[in-house]
Amino acid sequence: MGHGMKHFAGRRAAIAWLLAGLGAVALPAAAQDKFIVMASTTSTEQSGLFPHLLPAFKKASGIDVRVVAVGTGQALDMGRRGDADILFVHDTVAEEKFVAEGFGLPRRGVMYNDFVLIGPASDPAGVKGRDIVAALSKLAASNAAAPVAFVSRADKSGTHAAELRYWKSAGIDDPAVKVAGKLFDYRACGCSMGPALNIAASLEAYVLADRGTWLSFKNRGNLTVLVEGDKRLFNQYGVIVVNPARHPQTKTALAQAFSDWVVSADGQATIAAYKIGGEQLFFPNAAR
Amino acid sequence: MLSLDNASVRYGSVAALSDANLRIERGDFVALIGANGSGKTTLLQALHGLVAHTGVRTVAKEAAAQVMVFQRPFMLRLSVWNNLRVALWLAGAPPAERAARATEALHRAGLFELRGRQARALSGGQQQRLALARAWATRPALLFLDEPTANLDPSAKREVEAMLARFKLEGMTLVMSTHNLGQAKRLATRVVYLDRGRIRADLATDAFFARHLDARTDLFLKGELPWDME
Amino acid sequence: MLWRTVGLSLAVSLSACAIAAGFGLAFGAWLAVARFPGRRVLLAVLNTLLALPSVVVGLVVYLLLSRSGPLGSWGILFTPSAMVIAQTILVLPVIAALSRQLVHDSLRDGGDQLRSMGARPFTTAVLMLLHERWAVATVVLTAFGRAVSEVGAVMIVGGNIDGVTRVITTTIALETSKGDLPLALALGIVLLALVGLINAGIAVAQRAQGGNPAAAR
């Protein structure tokens, strides 16, 4: 065979080998460890809990937990489609509905953290205190010299759902509707917690945040915690194993192992041990 | 060996070739002459089977192996040697013979020392000789040439003509279009004259240059129709 | 950790480009010489696919690979394999359309000669790919640049899982949203450097193709 033709055949052979090699790398990687896909929320991931919690679980069980962090709504959607084996979210009402619809096995409470109302240190609306509903009423009624702005995630997340509940409790059905004579500015960003905090920092606006993301947030500007400690601000987390009856391919046994571990004494202690700057973020409260 | 009956070729509204009738016999060296746009190239392509036409093309079994050499030689971005190997591969030459044939072809063209160089780095004359060597290596029965020396300087032209004469001596049948009447006189056994897409004359070389045809052909031969003679 | 992210970006995008090149170059070559009714329509579709938004590809592949979808039994959603598939689909039209163009243009010069020498149509196309190998390299590099810089497809089908499917672009998106701008910026610079290297590679390839043939060995 000619030199030129060998060149050509060699090129083809090289491509074939390259494909085989890359295929060998890319595909079986999935099959190696035992693992489950856990759908959780962006705020939970950004709190930094998982790099602390999941290695402990892996040590106890040998199972890898792969976290896909999206909004609560999207996480539940993943559960409905069977793309996640287990859910770890914080919207009890939506979770109960999910289980009632038959998509998940009975939910278990795991832990709670709390929301805090963040705002500019100068606090033009004067909301500082321990009452979230009173604070939001003051914001909406604000007649401060400068316009008072509030940033909402508006992304169907657990945080957003909580925020809407507090507005309702303050008698405000739709905070986006402008009230004559009031300088209150409601900004819906359709984004996750980090970007919402970024926007609030640049606008010197108020924002409802989970304490975890706030403690890890580095771009604070003039923002500080203004309202905390109200029981209504507590944010309950639940774990739900996706129902195998709906999606037989889900790794139910492995997912159940995580669910059992995270409510066990070992799991609960690991949660309590997670601290940022010496402060505990999540408070385990699984039923015995 | 090859015949074309009533072949016409149109490009859009232009009739490049009209009602061409031509027979090529074994051992012929046919020169197609005529002004630019007279249909020489189209006739060549129709004979070789490169272009669609409305007539009938009959090819004898012995004339199955054909190659065409163009005015500007096309070489792949490979070495001289590899260009030959590709040609031999395309022509279906037995693998065991390829090296030998390539070697012989390059020697005949005086290009063997340059076999490792990039083919496109050769001079125009060298590339045309390479194109001829490449064609010869595949042992065609019939060789078509489209104005093969039009772009070459006089010495390169002479080298190419020498190669063609040798091919003819060795029994190859050639059909060559040229606008160089002197070249036609020197090399061809037969001359076919085209004007505006039609074959006007088809005679043995001596007969062609001796006779008076029509006024227009006379003008052409005298060089009044814009053409050179060497 | 940074290098793991870069390594994964390279592995995913290189794999995707290799596979897309294998199919795309063959398809582009074929398309340059094939004659069939509806060819123009196919060409128009191909050129439209050049501008396929990466999120659209991501969404479609997600729906295919989801456990609720037709290929759910493959079980590769949220793994690098899914990302390779999505990026392959993304850059395949690029490679096919561009290689078709360059084969078509080359055949205008040398197609007749190759056919005269006995080459069948597809063979002429493949020989032209060999003839224009530096231009082909440019096409593949272009595709790689597109693949390694995209974020929409790999985010959706990969899930941006820490340590498993997190690549340069999805990390930049994540770190920016967390407010950790220095890290996002550092990765952005790495990505820019990669793209810069690709463009330098393209420039070298173009000079080798168009320049002195004796130098282009």
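These numbers come from a predicted model, not from an experiment.

K.L.:
So what exactly am I meant to see when it comes to the overall build of chain C here?
P.N.:
Summing up its helical and strand segments, chain C has nine helices and zero strands in all. Taken from the N to the C terminus, the helices and strands of chain C come in the order α-α-α-α-α-α-α-α-α. With respect to the three principal axes, the spread of C-alpha positions in chain C is 65 × 45 × 25 Å. Counting all 217 residues of chain C, 48% fall into the buried class. Long-range contacts, defined as pairs at least 24 residues apart, comprise 77% of the intrachain contacts of chain C with a sequence gap of at least 6.

K.L.:
Would you mind going over the nonpolar core with me for this structure?
P.N.:
In summary, soluble globular proteins display a tendency toward joint burial of nonpolar side chains. One finds I86 and L87 of chain A together with A86, I95 and V157 of chain C to be the most contacted residues of the largest nonpolar core, which totals 174 residues. Per-element accounting of this core gives the leading share, 18 residues, to helix α4 (residues 80-116) of chain C. Setting aside its immediate chain neighbours within four residues, L87 of chain A contacts A39, A75, L76, G79, G104, V239, I240 and V242 of chain A. Among the nonpolar cores identified, the runner-up in size contains 35 residues, and L117, A135, V148 and F184 of chain A belong to it.

K.L.:
What exactly am I supposed to notice about the domain arrangement of chain A here?
P.N.:
By a widely used convention, the size of an interface equals the accessible area lost when the partners come together. All names here are of chain A. Looking at the assigned domains, one finds that chain A contains domain 1 (32-112 + 234-284) and domain 2 (115-233). Each of domain 1 and domain 2 has a C-alpha centre, and the two are 28 Å apart. With 18 residues of domain 1 at the contact, the number on the domain 2 side is 19 residues. Where the side of domain 1 that touches domain 2 is concerned, the elements lending two or more residues are α2 (42-46), α4 (72-81) and β9 (234-241). By residue number, the principal contributor to the side of domain 1 that touches domain 2 is α2, which donates three residues. For the side of domain 1 that touches domain 2, the residue count by class is four nonpolar, twelve polar and two charged.

K.L.:
Can you walk me through the interface of chain A and chain C in this structure?
P.N.:
Taken together, the contact between chain A and chain C spans 28 residues of the former and 27 residues of the latter. Only α1 (3-26), β2 (63-70) and α8 (193-203) of chain A provide two or more residues apiece to the side of chain A that touches chain C. Of the residues contributing to the side of chain A that touches chain C, the split by class is 16 nonpolar, eight polar and four charged.

K.L.:
Can you walk me through the environment of P93 of chain C in this structure?
P.N.:
Residues and elements named next belong to chain C. Looking at the secondary structure, you find P93 in helix α4. When the C-alpha positions of P93 and V55 are compared, they lie 16 Å apart, and in sequence the two are 38 residues distant. Those residues in contact with P93 that lie beyond four places of it in its chain are L46, L49, L50 and L52.

K.L.:
Honestly, the interface of chain B and chain C in this entry has me stumped. Any pointers?
P.N.:
If you look at the interface, chain B gives 15 residues, while chain C gives 13 residues. Contributing elements (two or more residues each) for the side of chain B that touches chain C: β5 (66-69) and α2 (80-90) of chain B. For the side of chain B that touches chain C, the class distribution of residues is ten nonpolar, two polar and three charged.

K.L.:
I would appreciate a short explanation of the packing of helix α1 (residues 2-33) of chain C against α4 of chain C in the present structure.
P.N.:
Helix-helix packing is characterised by the crossing angle of the two axes and by the distance between the axes. Residues and elements named next belong to chain C. Where α1 meets α4, the axes come as close as 5 Å, and the angle between the chain directions of the two elements is 35°. For α1 against α4, the interelement crossing comes out right-handed. Of the residues assigned to the contact of α1 with α4, the class counts are 23 nonpolar, eight polar and one charged.

K.L.:
Is there a simple way to think about the sheet that holds strand β9 (residues 198-204) of chain B in this case?
P.N.:
Hydrogen bonds between backbone atoms are what pair the strands of a sheet, whose relative direction is either parallel or antiparallel. Residues and elements named next belong to chain B. What the six strands build is an open sheet, ordered β5-β6-β7-β3-β8-β9; its pairing is mixed. The open sheet has two edge strands with one neighbour each: β5 and β9. Mean inter-strand twist for the sheet, computed between neighbouring axes without regard to direction, equals 15°. Sheet analysis places strand β3 (residues 29-33) next to strand β8 (residues 190-195), joined by four bridges and oriented parallel. Across the sheet, L32 pairs through a bridge with V192, a residue of β8.

K.L.:
Would you explain the pairing of β3 of chain B in this entry?
P.N.:
Regular strands have side chains that alternate between both faces of the sheet. Residues and elements named next belong to chain B. With five of five residues buried, β3 lies mostly within the body of the structure. On β3, burial covers both faces: F29, A31 and I33 on one face and V30 and L32 on the other are all buried. Examined bridge by bridge, β3 and strand β7 (residues 173-178) share five bridges and lie parallel to one another. Residue pairing for β7: L32 is matched across the bridge by S177.

K.L.:
What exactly am I supposed to notice about the confidence of the model for chain C here?
P.N.:
Detailed conclusions should not be drawn from predicted coordinates in areas where pLDDT is low. Residues and elements named next belong to chain C. Mean pLDDT over chain C: 92, with 96% of residues reaching 70 or higher. Helix α3 (residues 54-65) holds the highest mean pLDDT among the elements of chain C, 97, whereas helix α9 (residues 181-210) holds the lowest, 87. Scored below 50 in pLDDT, residues 212-217 shows ten contacts in the model against residues more than four places distant or in partner chains. Across the interfaces of the predicted complex, the ipTM metric reaches 0.89, alongside a pTM of 0.82.

K.L.:
I tried to follow the packing of α3 of chain C against α4 of chain C on my own but got confused; where do I start?
P.N.:
Residues and elements named next belong to chain C. Between α3 and α4, the shortest axis-to-axis distance is 9 Å and the interhelical angle comes to 130°. One finds that α3 runs oblique with respect to α4. Along this stretch, α3 crosses α4, giving a crossing that reads as right-handed. Where α3 abuts α4, its residues S54, V57, G58, V61 and L65 lie against A82, I85, A86, I89 and L90.

K.L.:
Sorry if this is basic, but what is going on with the sheet that holds strand β4 (residues 56-59) of chain B here?
P.N.:
Residue and element names in this part refer to chain B. Spatially, β2-β1-β4 is the arrangement adopted by the three strands of the open sheet, whose pairing is antiparallel. Across the chains shown, the open sheet's two edge strands, defined by having one partner strand only, are β2 (14-24) and β4. Adjacent strand axes in the sheet meet at a mean angle of 20°, parallel and antiparallel pairs treated alike.

K.L.:
Looking at this model, I keep getting lost on the pairing of strand β5 (residues 148-152) of chain A. Mind explaining?
P.N.:
Residue and element names in this part refer to chain A. Taking burial as the measure, the five residues of β5 include five buried ones, the bulk of the element. Neither face of β5 is exposed, since V148, F150 and S152 on one face and A149 and V151 on the opposite face are all buried. Here β5 runs beside strand β6 (residues 184-188); their pairing, made up of five bridges, is parallel. Bridge pairing in β6 links A149 to D185. Following the chain from β5 across helix α7 (residues 158-169) to the adjacent parallel β6, one finds a crossover that is right-handed. Across two bridges, β5 lies against strand β7 (residues 206-210) in parallel orientation. Paired with V151 across the two strands is V207, which belongs to β7.

K.L.:
Mind showing me how you'd approach unusual backbone geometry here?
P.N.:
All names here are of chain B. Not every positive phi belongs to a glycine, and R139 is a case in point at roughly 50°. Tracing the backbone shows R139 in the loop between α4 (124-137) and β6 (142-146). Although it is not a glycine, R196 adopts a positive phi angle of roughly 50°. Inspection of the secondary structure assignment puts R196 in the loop between β8 and β9.

K.L.:
Please explain the environment of G79 of chain A as it appears in this structure.
P.N.:
Residues and elements named next belong to chain A. Examined against the element boundaries, G79 turns out to sit in helix α4. Sequence separation of G79 and V127 is 48 residues, and the distance between their C-alpha atoms is 39 Å. Ignoring sequence-local partners within four residues, the contact set of G79 consists of A39, A84, L87, F98, F103, G104, I240 and V242.

Parameters and conventions
Residues numbered from 1 in each chain as written. Chains lettered and ligands numbered in written order. Predicted model: local features only at pLDDT ≥ 70, side-chain atom pairs only at ≥ 80, totals over all residues. Helix = DSSP H or I, 4+ residues; strand = E, 2+ residues; numbered from the N terminus. Buried ≥ 20, exposed ≤ 12 C-beta atoms within 10 Å, placed from the backbone. Contact = placed C-beta atoms within 7 Å. Core = buried A, V, L, I, M, F, W, Y, C linked by C-beta atoms within 7 Å. Domains from an automatic or database assignment. Nonpolar A, V, L, I, M, F, W, Y, C, P; charged D, E, K, R; others polar. Axes fitted to C-alpha atoms, helices over the stretch in contact; angles between N-to-C directions. Left-handed = near helix turned anticlockwise from the far one by under 90°. Pairing = 2+ DSSP bridges. pLDDT = per-residue confidence, 0-100. Parallel < 35°, antiparallel > 145°, perpendicular 65-115°, else oblique. Right-handed = clockwise from strand over helix to strand, strands pointing away.

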